[in-house]
Amino acid sequence: VPARLLGATCVPQDGRGRQQAREKMRPLPTAFLCAVICGVISLLQVFYFLGVAQHNLEWTTMHKVSLGIEEDQIASADDYHRTRQPVAAHPWQGTCVLTISSFNNYGFVKVFFESVSFSNPFIDCFVWVVADNKEPWVGGDASFPRQILADCPDSWHVVVADQLNDYMESDSSVLELAFRYDMQCFNTVIKPLAFKYVFDALDAPKVLYFDNDVWITHSLSEIIHALDKYKLVVTPHVTQPVPVDGLRQDERQIMRAGQFNFGFVGMARSETALSMLAWWANRLRYYGYALPDQGMHFDQNWGAMILSYVAESEYLILRDPRYNIAYWNLHYRGQHLRLVGD
């Protein structure tokens, strides 16, 4: 390597020059050593990140196997952005992501759909069921809902409450539910009607319902593919015992609220799903209050009956620790939780 590239000067032939050159070259070992150390550190960082990537790949592959998902069936946002189109014609096509809220939660809905779209760019069906009407039922100012509806992206399917009447029992209407329940309960009791609407009016083969305060950070393709085999996919609040330490919340509260967290429900259009939705809507007509002491917690605790009413081969209890992360299971999941990437 030429001496000038190492920061040294060429050595003259006379003695004085050699002495001066030696003095100038004395820093060379230190500079060279620093360069070597920096290079080694950089290599170690590369190996570390390669190891992390391999670890994450093994983690993901392990859960693919546990769900019976083949390697070439998994799609990610990286796949899409790299090819600028879905990798292949996969069964996610036609899958709809559904959420429900009143007009006042529009900000949550917008951020939620953006998080889904960012991590799942192959999904193109977004359904917002508004637990309200375009015009006030009883007087009032209609400018606020009109402003929100005008702001909604054209790619959304926005459904208002009175469009669900065709999916109610013949002697009832959505207006009956609106008078019976407060706003929060009303948002949840129309959930089975919203599923029925998306299956029927939009001809969707699969529907993934999420509460709009959920943050989606990764591909949903594993769940979508699971619905090729199962008619229902649900997630339990906890998959490990809660310590008896006198702190809230414990297993008693979870049993009263419901074994499954219905902030997410996945369904494939089928006789099983439609029968389940009809039964669920019938029960929520009168029993959808937030009264745990009376056996009711919104729409959610009815989900426990899935284990008795639906054949075991037709539902999946998704216990994968990457899903349904929330305060009720942080006593064990929080020990392993970290954010990776941007």
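Our structure is the block above this text.
Residues numbered from 1 in each chain as written. Predicted model: local features only at pLDDT ≥ 70, side-chain atom pairs only at ≥ 80, totals over all residues. Heavy atoms only, no water.

## A few points about the pattern of salt bridges
Oppositely charged side chains can pair when the atoms bearing their charge come close. Scanning the entire structure with this criterion turns up 12 salt bridges. Here Arg180 and Glu176 are joined by a salt bridge, their closest N and O atoms 2.7 Å apart. Taken as a pair, Arg180 and Glu176 lie in helix H6 (residues 174-180) at a separation of four residues, close to a single helical turn. The partly exposed category is assigned to Arg180, whose relative accessible area is 27%. One salt bridge in this structure joins Lys191 and Asp299, with 2.8 Å as the shortest N-O distance. Of this pair, Lys191 sits in helix H8 (residues 191-201) while Asp299 sits in the loop between strand S8 (296-297) and helix H12 (306-309), placing them 108 residues apart in sequence. Neither Lys191 nor Asp299 differs from the other in exposure class; each is buried. (Salt bridge = Lys/Arg side-chain N within 4 Å of Asp/Glu carboxyl O. Helix = DSSP H or I, 4+ residues; strand = E, 2+ residues; numbered from the N terminus. Buried < 20%, exposed > 50% of the residue type's maximum accessible area, 1.4 Å probe, protein only.)

## A short note on the packing of aromatic side chains
The tally for this structure, following the rule as stated, stands at 18 aromatic pairs. Measuring from ring centre to ring centre gives 5.8 Å for Phe112 and Phe210, while their planes differ by 50°; the resulting arrangement is tilted. Remark: Phe210 occurs in strand S4 (residues 206-210) and Phe112 occurs in helix H4 (residues 106-119); sequence separation between them is 98 residues. The pair Phe112 / Phe210 is uniform in exposure class, with both members buried. Ring centres of Tyr327 and Trp328 lie 4.9 Å apart, and the angle between their planes is 65°; this geometry places the pair in the edge-to-face category. Classification of Tyr327 as exposed rests on a relative accessible area of 60%. Looking at Trp328, the relative accessible area reads 16%, which means it is buried. One aromatic cluster in this structure is built from Phe103, Tyr106, Phe112, Phe113, Phe126, Trp128, Trp156, Phe210 and Phe264. (Phe/Tyr/Trp six-rings, centres within 6.5 Å; stacked < 30°, edge-to-face > 60°.)

Taken by themselves, the reported measurements are silent on function.
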